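Spelled out, the chains give:
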Amino acid sequence: MPTSDLNTKTVVQLRSSLVSGDIRCSDIITSLEEKARRTEAEVKAYVRFDGLKASIYAPQDDKPLSGIPVSVKDNICTEGENTECCSKVLAGFQPPYDATVIKKLREAGAVILGTKTNMDEFAFGSSTENSCFGPSHNPWDLDRVVGGSSGGSAAAVASDEAIIALGSDTGGSIRQPASFCGVVGLKPTYGRVSRYGLIAFASSLDQIGPITKDVGDCALCMNFISGRDPHDSTCAEIEVPDYTKSLGEDIKGVKAAIPKEYFVEGLDPQVKSILYEAINKLKGLGVDIASVSLPHTEYAVPVYYIIATAEASSNLSRFDGVQYGLRAEDKEQGAGNRLVSMYKKTRGEGFGDEAKRRVLLGTFSLSHGYYDAYYLRALKVRTLIKNDFGAVFGDYDCIITPTSPSVAFRIGEKSNDPLKMYLSDIYTISANLAGIPAISVPCGFTKEGLPVGLQILAKPFDESTLFKIAYAYEQSTPWHKMKAKI
Amino acid sequence: MAIEKDTVQKVAHLSRIDLSEEELRRLSSQLAGIVDFIDKLKKINIENIVPTSHILPINNVLREDACGKSLDLEKTLKNAPQRKENFFGVPKVIE
């Protein structure tokens, strides 16, 4: 096997070459480093880039992921390596411990890269433009966004500057960038993967998941990061199946639902026609397709922006200049409480615009006089959204939708209009509110050459069905083999 | 409901965030637009609907009450903006 293009391979391919002795782990690292040094100046998938910081442990040991480099989003703790959520307020933070997912991957033999991937500050955003390090650039068109908030992870995988990457998804932050960059991204069921060591955004919604070059790698990665963790009480004690066993299973007779609310005004016509082609492809593979209704779909975005910001306003209270990161203080001793003014100055200087907007909105909807009208009401509408899905899953195995209403937009196009930006998550948010798993797989390209993503959603803890359908679709189409010319 | 500038100022204080005049003006108008949008929820009948604050049917997760290793003190305090002995240092609170 030539070693110069190892960076373009999948985990499954690399493991087979490692096992046969054709290549060594250092060959993979060298190939990734060379690629990153060539294209990183344009893509900016990583932050504080100065090489990938791979530390190779025991290269001869033969664990299931031995020798496989993994790139990690800047909000997942890696011991002793900068983990800053792309926020000025966490500048220089080096966690004293590894997140559970990192620990599990290391135990499986993976090489965790110390250089982290770019993201919207605290995962607040859909374009990675809210990073304090500046935006990443889409490998398919450098003038366009990579999506977000796990945009750096998606761009790194799409540009072959990474083999696989971890992201986090609170309202679409894995799936939407995967769609924009033409790669595979999974948001697991709420409770499937431990969040210990994930810097919290909205604790009733957050999940960590993989971003990969194909469905096989995604299933394989889930085998290692899933499962109960005593450090995260929301992590369910439900057996983890071997997800790779779902790959190659027949999908004849699988019942898929198409929600009519997802194919209305606001959906880009090119995305729509590519989606219909994908649905026809699935029909050809034997899937039974039927139209259904998820009647509360239009309320998902407003519900999300109340619940997610309320939880964020509480979670972000820890960034106060005491334990880590930035501290800002007035030098002269004024009147009043110096501790409170230190908090205010630190947070005023440390948080970017979107973080301020969300903390303010969340504090507003939780505050006296507004709690019932906003927060409590949103929790109730969340129940209705969850029930919509429950009703459909009584009769169907999965739901098929576009991942995003559009392809990657231009950098700067939506950055002055937060509401417009929020609406780009319209198809992904419901899965987080309902706690169900959802995967995005590439399903074609627009005539401008930009990737489009197909989203499949399933019942809680039924990731196996997602992998089965996604793999069958992927293997009968050429999209996952297309590479950005960079 | 329109959200006024003084409401934003109050919420900024509760959130412990300093805002410049310019930020206050800009964020107030943006938040007004967002609140206007989320007011859409007022259309729905939510009578007798139970709120969902947690999606999984998990309650009272307990572990054995056993001693374990805690975080390394040096590594933890290394990130502190100000350290005093084995404590996080903060500006003086009591006069």
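Quantities reported herein were computed from a predicted structural model and do not represent experimental measurements.

*Asks:* An account of the overall build of chain A is requested, with residue identities and associated values reported.
*Replies:* On a plain count of helices and strands, chain A comes out with 14 helices and ten strands. Taken over C-alpha atoms, the radius of gyration comes to 21 Å for chain A, in line with the 23 Å a tight globule of 486 residues would show. In terms of its C-alpha atoms, chain A occupies a principal-axis envelope of roughly 70 × 55 × 45 Å. Going through the 486 residues of chain A one by one, you find that 62% of them count as buried. Considering only contacts in chain A between residues 6 or more positions apart, those separated by 24 or more positions represent 75%.

*Asks:* Give me the interface of chain A and chain B: which residues, what numbers.
*Replies:* Tallying the contact residues gives 55 residues for chain A and 44 residues for chain B. Of all elements in the fold, only α8 (300-315), α9 (338-350), α10 (353-366), α11 (371-395) and α12 (418-422) of chain A reach the threshold of two or more residues within the side of chain A that touches chain B. Looking at the side of chain A that touches chain B, the element that brings in the most residues is α11 of chain A, giving eleven residues. Residue classes in the side of chain A that touches chain B are distributed as 30 nonpolar, 13 polar and twelve charged.

*Asks:* Got a sec to walk through unusual backbone geometry? Specific residues and values, please.
*Replies:* Residues and elements named next belong to chain A. Note the cis peptide between Gly148 and Ser149, where omega equals 10 degrees. Mapped onto the fold, Ser149 is located in the loop between β2 (111-112) and α4 (151-158). Unlike most non-glycine residues, Lys53 shows phi in positive territory, near 55 degrees. Locating Lys53 in the fold gives a position in the loop between α2 (25-43) and β1 (69-72). A positive phi is found at Asp160, a non-glycine position, where the angle reads about 60 degrees. Along the chain, Asp160 falls in the loop between α4 and β3 (164-169).

*Asks:* Hey, could you go over the sheet that holds β1 of chain A for me, with residue numbers and the actual values?
*Replies:* Residues and elements named next belong to chain A. Spatially, β2-β1-β3-β5-β4-β9-β10-β8-β6-β7 is the arrangement adopted by the ten strands of the open sheet, whose pairing is mixed. Looking along the sheet, the strands with just one partner apiece sit at the ends: β2 and β7 (288-292). Strand contacts of helix α6 (residues 215-225): β3, β4 (184-187), β5 (207-212) and β9 (438-445), with the helix running at about 145 degrees to β5, the strand carrying the most contacts.

*Asks:* Give me the pairing of β5 of chain A: which residues, what numbers.
*Replies:* Residues and elements named next belong to chain A. Most of β5 is tucked away: six of the six residues are buried. As judged from the five bridges shared by β3 and β5, these two strands associate in the antiparallel manner. Paired with Ser168 across the two strands is Ile208, which belongs to β5. Where β4 meets β5, two bridges bridge the pair, whose relative direction is antiparallel. What sits directly across from Val184, in β5, is Thr212.

*Asks:* Let's hear about the packing of α10 of chain A against helix α2 (residues 21-38) of chain B: which residues, and what values?
*Replies:* Two elements in contact, α10 of chain A and α2 of chain B, have axes separated by 11 Å at closest approach and are oriented at 55 degrees. As far as their axial angle goes, α2 of chain B and α10 of chain A are oblique. As α10 of chain A runs across α2 of chain B, the sense of the crossing is right-handed. Here α10 of chain A contributes Lys356, Arg357, Leu360 and Leu361 of chain A to the contact with α2 of chain B, which in turn contributes Leu27, Gln30, Leu31 and Ile34 of chain B. Residues belonging to the contact of α10 of chain A with α2 of chain B are distributed by class as follows: five nonpolar, one polar and two charged.

Here is what the cut-offs are and how they apply
- In this convention, every chain numbers its residues from 1, walking through the sequence in written order.
- Chains carry letters and ligands carry numbers; both start at the beginning, A for chains and 1 for ligands, and go up in the order they are written.
- Per-residue local features are limited, in this predicted model, to residues with pLDDT of at least 70; the limit for side-chain atom pairs, both in listing and counting, is 80 or more; totals at the level of whole chains, interfaces and linings are taken over all residues.
- Helix numbering and strand numbering both begin at the N terminus, where a helix is a DSSP run of H or I of at least 4 residues and a strand a DSSP run of E of at least 2.
- Only the C-alpha atoms count toward the radius of gyration. The rule for a globule is 2.2 Å times the residue count to the power 0.38.
- Any residue whose C-beta has 12 or fewer other C-beta atoms within 10 Å is treated as exposed, any with 20 or more as buried, and any in between as partly exposed, C-beta atoms being built from the backbone.
- Each residue gets a C-beta atom placed from its backbone, and two residues are in contact if those atoms lie within 7 Å.
- Only Asp, Glu, Lys and Arg are considered charged, only Ala, Val, Leu, Ile, Met, Phe, Trp, Tyr, Cys and Pro nonpolar, and every remaining residue, Gly among them, polar.
- A strand pair is defined by DSSP finding two or more bridges across the two strands.
- With axes taken as lines fitted to C-alpha atoms, and helix axes fitted only over the stretch in contact, angles between N-to-C directions fall between 0 and 180 degrees.
- Roughly parallel means an angle under 35 degrees; roughly antiparallel, over 145; roughly perpendicular, 65 to 115; everything else is oblique.
- Two helices crossing with the near one rotated counterclockwise from the far one by less than a right angle form a left-handed crossing, whereas a clockwise rotation gives a right-handed crossing.

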